[in-house]
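# A structural walkthrough
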Amino acid sequence: MKAALLLAAGLAVAAGPASACRLALALALDVSSSVDEAEYRLQAEGLAAALTDAEVMEAILAPGDPVAVAVYEWSGRRQQVVTAPWTLLREPDDILALADRVGAARRTHADFPTALGHALGFAARLFLSAPACDRRVIDVSGDGANNDGYEPVNAYAAFDLDDVTVNALVVGGVGRPALVRYFQTLVIKGENSFTELAEDYADFGRAMRRKLIREVRPPMILGDAGPHPPLRSLR
């Protein structure tokens, strides 16, 4: 009997604690000097609208463990500010409260360059306070390449981001193939990582909606048709 109890205890320790959620998603919003005040409002309100989209909410509230989301703004080397700390989204009211907070947020910085590597390094520290989740994803939005401090590749080498997937939403990327290539080759990383494009900040909400649905739903397994139909363009 005693041996059986010790074996059970050993198995429990080996298995480790159960995860608190299925996804920890850090949303990183660009507030560098290339983003004017009108564009900032379109970005904040676009994210709020995307979070409260019916299909996005359905994906977040799918059966199983909840999704945890945190939002932060980034620009220069030392200008990263959390505007919404880690929140477990268990029910519609949780999502609505997060959307209200994001939509009503006041811009934290406006006069600093684009330190994209530092923005990603900040996310590594942010994950230290995140719930234990099955997946960790950074969703970084930006309208320009890094022009201050170290590059994303240096952040990936210096910080604990090995098991973190990084996806990108490139604003203005439709007519800027060089910028898209920069994000595709030097920014996104990890299995199933991808880049979403927005024509401009007025298109931010539509692009974010598509991106959130793709991020929140479980990754597709090769050869598996999956339970969800392909995403449809809203245009």
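Given the structure is predicted, the values throughout are model-derived calculations rather than measurements.

Criteria and thresholds
- Residues numbered from 1 in each chain as written.
- Predicted model: local features only at pLDDT ≥ 70, side-chain atom pairs only at ≥ 80, totals over all residues.
- Heavy atoms only, no water.
- Helix = DSSP H or I, 4+ residues; strand = E, 2+ residues; numbered from the N terminus.
- Buried < 20%, exposed > 50% of the residue type's maximum accessible area, 1.4 Å probe, protein only.
- Pairing = 2+ DSSP bridges.
- Axes fitted to C-alpha atoms, helices over the stretch in contact; angles between N-to-C directions.
- Contact = heavy atoms within 4.5 Å.
- Disulfide = S-S within 2.5 Å.
- Expected span 1.5 Å × (residues − 1).
- pLDDT = per-residue confidence, 0-100.
- Core = buried A, V, L, I, M, F, W, Y, C linked by side-chain atoms within 4.5 Å.

Looking now at unusual backbone geometry. Although it is not a glycine, N192 adopts a positive phi angle of roughly 65°. Tracing the chain through its elements places N192 in the loop between α7 (177-187) and β6 (195-198). Judged by relative accessible area, N192 falls into the partly exposed class, the value being 45%.

Read from one edge of the open sheet, 6 strands run β3-β2-β1-β4-β5-β6, paired in mixed fashion. The strands lining the two open edges of the sheet, one partner per strand, are β3 (80-89) and β6. Averaged over all pairs of adjacent strands, the angle between strand axes in this sheet comes to 15°, irrespective of strand direction. Here helix α2 (residues 37-51) sits on the sheet and contacts β1 (21-30), β2 (67-74) and β4 (133-142); the angle it forms with β1, its principal contact strand, is near 165°. Strands β4, β5 (164-171) and β6 of the sheet are contacted by α7, whose axis makes an angle of about 175° with β5.

Attention now moves to the state of the cysteines. For the structure shown, the criterion picks out 1 disulfide. Note that C21 is cross-linked by a disulfide to C133, the S-S spacing being 1.7 Å. Between C21 and C133, the S-S torsion sits near 55°, and that sign places the bridge as right-handed. Within this pair, whereas C21 is found in strand β1, its partner C133 is found in strand β4, the two being separated by 112 residues in sequence.

Turning our eyes to something else, we now look at helix α8 (residues 204-216). Note: α-helices contain 3.6 residues per turn, so residues at a spacing of three or four share the same orientation. For α8, which comprises 13 residues, the first-to-last C-alpha distance of 18 Å matches the rise-based estimate of 18 Å (1.5 Å per residue) to within 8%. Counting buried residues along α8, 12 of its 13 residues qualify, which places the element largely inside the surrounding structure. Along α8, the residues that are buried comprise F204, G205, R206, A207, M208, R209, R210, K211, L212, I213, E215 and V216.

Within β2, 8 of the 8 residues are buried, which leaves the element mostly enclosed by the surrounding structure. Here β1 pairs with β2 via 8 bridges, running parallel. Looking at the pairing, A28 lines up with Y72 of β2. The sheet contact formed by β2 and β3 spans 7 bridges and is antiparallel. Note that in β3 the partner of Y72 across the bridge is V82. Counting the residues in the hairpin turn of β2 and β3 gives 5 residues.

The next thing to look at is the confidence of the model for the protein. Of the residues in the protein, 85% reach a pLDDT of 70 or more, and the chain-wide mean stands at 88. Here residues 1-17 is modelled with pLDDT under 50, and outside its nearest four sequence neighbours on either side it reaches 0 contacts, counting other chains as well. Residue range residues 221-235 is modelled with pLDDT below 50. Its contacts to residues more than four positions away, or to other chains, number 17 contacts.

The next thing to look at is the nonpolar core. Of all hydrophobic cores here, the largest spans 36 residues; its most connected members are L47, V69, V71, L98, F204 and L212. For this core, the element with the most residues is α8, which contributes 6 residues. If you look at the next biggest cluster of nonpolar residues, it comprises 33 residues, including A28, F122, V164 and V170.

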